[in-house]
Amino acid sequence: MTTGRAPTGTGPWPYAVWALTRGWLLACVFKVVTVTGPDVTVDVSVIYRGWYEVLLTGTYPLDDVTWQYPPGAALAILSPALLPSWEYATAFFVLVLVCDALVLGLLLYAGRRPGMRAAGAWVWVVGVPLLGPTVYARYDLMVTAVAVAALLAGVRRPRALGALAAFGALLKGWPVLVLAGVRKGRPTRAAWSSAALAGAGLAAAFALWMPGAFAFLAFQRDRGTEVESLGALVFHIARQFGWAGRVELRYGSMEFVGPHVELVSTLALGLAVLAWGWLLLWRLRARLFAVRTPAEAAFTAVLLFTVTSRVISPQYVVWLVGLAAVCLVFRGTAMALPAVLVLVAAGVTFLEFPIGFASVVASDAWGVTLLVVRNGLLVAASLIAARRLWRSTVPGRPAGPRAEASPGAVEGQPSRVAR
């Protein structure tokens, strides 16, 4: 029986807190409020603006090694053209704000469905400002909005999930991982075939649109170990004992250069291969697919991708905040603790960049401590999420002839799984 009351956590409070925190973020990027550290808006006002001008000439930035994004990223970079009377950076910040608001709306709308809750919206409301103004000065929040929309649409429409995942992947690669946890059988066929068709069509369209659509692949391949990554901790500590390397600006980020850097970068790639191997094994072994499983699998996969990457830029954490928010929309999710760890990591990330970035680059005690804490939280979240995903989906005993409904099946329509 319904009571006529709004679900717990809705009402004016999420909107009020969102408005206050986003007002602070806008004040930061418009430099009404000054944040210690490097100017995070330079990427938009200088780098993005430069790419924008190149793209307007009808080609991708073929001669710029800092262009390391799939061809769909051009849409994000060109998006300020939607507001032609505004200065480029101003238009960009406003469009990010709009995407932020859309994510909040999607999460609140989903939270009103049966079996859902508003906790996911609160994760988004709180998690985004914890990252500081960097989150509004990169296009990653736009990509995260596509991934959130894909997972929420996929609850009832696997084909929509697939199409949005393909679009997101052409914006920045990682949203393809939202396909990892789609329930086996017809939903997987629908989602994956939709993704393949949409991805192929969009890739062809981008290739025909402008030359150089896939030049980013070579630039991405040549990247080294960025100073904020997990592998970089080896060199931060080694510097205390006389390691002869240094930090340089390369491929758009601060990277270590010197003895054994290539080895550590190779080891990071090896860890990434192991992570993907685990994800494939999980996919083959999983039998119990709940309505929340796609979100939990996507969250786990992106966590693994992030911690094994040669680069852990601050804006990467907004991906995790968005996926954590989707997980917590579902009642009974196993990802509450990893989500909390990600939120704490977001706050530490703000301390690390931009506030403490000089200490990070110098490898002093404060900078190294911030990295150890932030990366440690992400590693812990990854391991806990992987363990909980496995335990909630892989049967504890050999499969038998009996079948039962998977927990949390969509809208009262149980899926049949062997167990």
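Residues numbered from 1 in each chain as written. Predicted model: local features only at pLDDT ≥ 70, side-chain atom pairs only at ≥ 80, totals over all residues. Heavy atoms only, no water.

Caption draft 1: Fine view of the overall build of the protein. Each helix and strand counted, the protein has 16 helices and four strands in total. For 419 residues, the compact-globule estimate of 2.2 N^0.38 gives 22 Å, and the protein sits close to it at 21 Å. If one aligns the C-alpha atoms of the protein with their principal axes, the spans along those axes are about 60 × 50 × 45 Å. A buried classification covers 54% of the 419 residues belonging to the protein. Contacts in the protein between residues at least 24 apart in sequence constitute 75% of all its contacts with a sequence separation of at least 6. Of the roughly 17,900 Å² of accessible surface on the protein, a fraction of 67% belongs to carbon and sulfur atoms. Computed over 35 positive and 19 negative side-chain charges, the separation of the two mean positions in the protein equals 19 Å. (Helix = DSSP H or I, 4+ residues; strand = E, 2+ residues; numbered from the N terminus. Rg over C-alpha atoms; globule rule 2.2 N^0.38 Å. Buried < 20%, exposed > 50% of the residue type's maximum accessible area, 1.4 Å probe, protein only. Contact = heavy atoms within 4.5 Å. Areas by Shrake-Rupley, 256 points an atom, 1.4 Å probe, with all protein chains shown as cover. Lys, Arg positive; Asp, Glu negative; His and termini not counted. Charge placed at Lys NZ, Arg CZ, Asp CG, Glu CD.)

Caption draft 2: How the structure looks around the packing of aromatic side chains. Enumeration according to the criterion identifies 24 aromatic pairs in this entry. Lys172 extends its terminal NZ or CZ atom over the ring of Tyr139, reaching a point 5.3 Å from the ring centre. (Phe/Tyr/Trp six-rings, centres within 6.5 Å; stacked < 30°, edge-to-face > 60°. Lys NZ or Arg CZ within 6 Å of the ring centre and 35° of its normal.)

Caption draft 3: View of the packing of helix H12 (residues 293-307) against helix H13 (residues 316-329). The geometry of H12 relative to H13 is characterised by a closest axis approach of 9 Å and an angle of 160° between their N-to-C directions. It follows from the interaxial angle that H12 and H13 lie roughly antiparallel. At the point where H12 passes H13, the crossing takes the left-handed sense. Seen from H12, the contacting residues are Ala295, Glu296, Ala298, Phe299, Val302, Leu303, Phe305 and Thr306; seen from H13, they are Tyr316, Trp319, Leu320, Leu323, Ala324, Val326 and Cys327. The residue makeup of the contact of H12 with H13, split by class, is 13 nonpolar, one polar and one charged. (Axes fitted to C-alpha atoms, helices over the stretch in contact; angles between N-to-C directions. Parallel < 35°, antiparallel > 145°, perpendicular 65-115°, else oblique. Left-handed = near helix turned anticlockwise from the far one by under 90°. Nonpolar A, V, L, I, M, F, W, Y, C, P; charged D, E, K, R; others polar.)

Caption draft 4: Expanded view of helix H4 (residues 88-111). Its 24 residues give H4 an end-to-end C-alpha distance of 35 Å, which sits within 8% of 34 Å, the value for a rise of 1.5 Å per residue. Two or three places before Ala89, at the opening of H4, Glu87 has a side-chain oxygen 3.0 Å from that residue's backbone nitrogen. (Expected span 1.5 Å × (residues − 1). Polar contact = N/O pair within 3.5 Å; in protein donor to acceptor, adjacent residues only side chain to side chain.)

Caption draft 5: Main features of the state of the cysteines. What the rule picks out here adds up to zero disulfides. Cys28 carries a free sulfur, and the closest cysteine sulfur to it, the one in Cys99, is 19 Å from it. The class of Cys28 is buried, set by a relative accessible area of 7%. (Disulfide = S-S within 2.5 Å.)

Caption draft 6: Quick peek at a nonpolar patch on the surface. A surface patch of nonpolar side chains, amounting to about 350 Å² of accessible area, comprises Trp24, Phe30, Val32 and Val33. With respect to the helices and strands, the residue Val32 is situated in the loop between helix H1 (13-29) and helix H2 (42-56). According to the relative accessible area criterion, Val32 is exposed, its value standing at 67%. (Patch = residues over 30% accessible without salt bridge, like charges linked within 9 Å, V, L, I, M, F, W, Y side chains within 5 Å. Salt bridge = Lys/Arg side-chain N within 4 Å of Asp/Glu carboxyl O.)

Caption draft 7: Representation of helix H5 (residues 119-130). Look at H5: 17 Å from first C-alpha to last across 12 residues, which is about the 16 Å you get at 1.5 Å a residue. Considered for burial, the residues of H5 that qualify are Gly120, Ala121, Val123, Trp124, Val125, Gly127, Val128 and Pro129. Against H1, H4, helix H6 (140-153), H13 and helix H14 (336-355) lie the buried residues of H5. Looking one or two places after H5, you find Gly132, whose phi comes out positive at around 80°.

Caption draft 8: Structural context of the pattern of salt bridges. Taken as a whole, this structure holds nine salt bridges when the rule is applied. Its salt-bridge partner being Glu53, residue Arg49 comes within 3.2 Å of it at the nearest N-O pair. Of this pair, Arg49 and Glu53 both sit in helix H2, four residues apart, which is roughly one turn of the helix. Given the relative accessible area of 44%, Glu53 is considered partly exposed. Residues Glu352 and Arg374 are paired through a salt bridge, measuring 3.5 Å at the closest nitrogen-oxygen approach. Residue Glu352 is found in helix H14, and its partner Arg374 is found in helix H16 (residues 365-393); the two are separated by 22 residues along the sequence. A single burial state applies to Glu352 and to Arg374, both of which are buried.

Function cannot be read off these values alone, since they describe shape.
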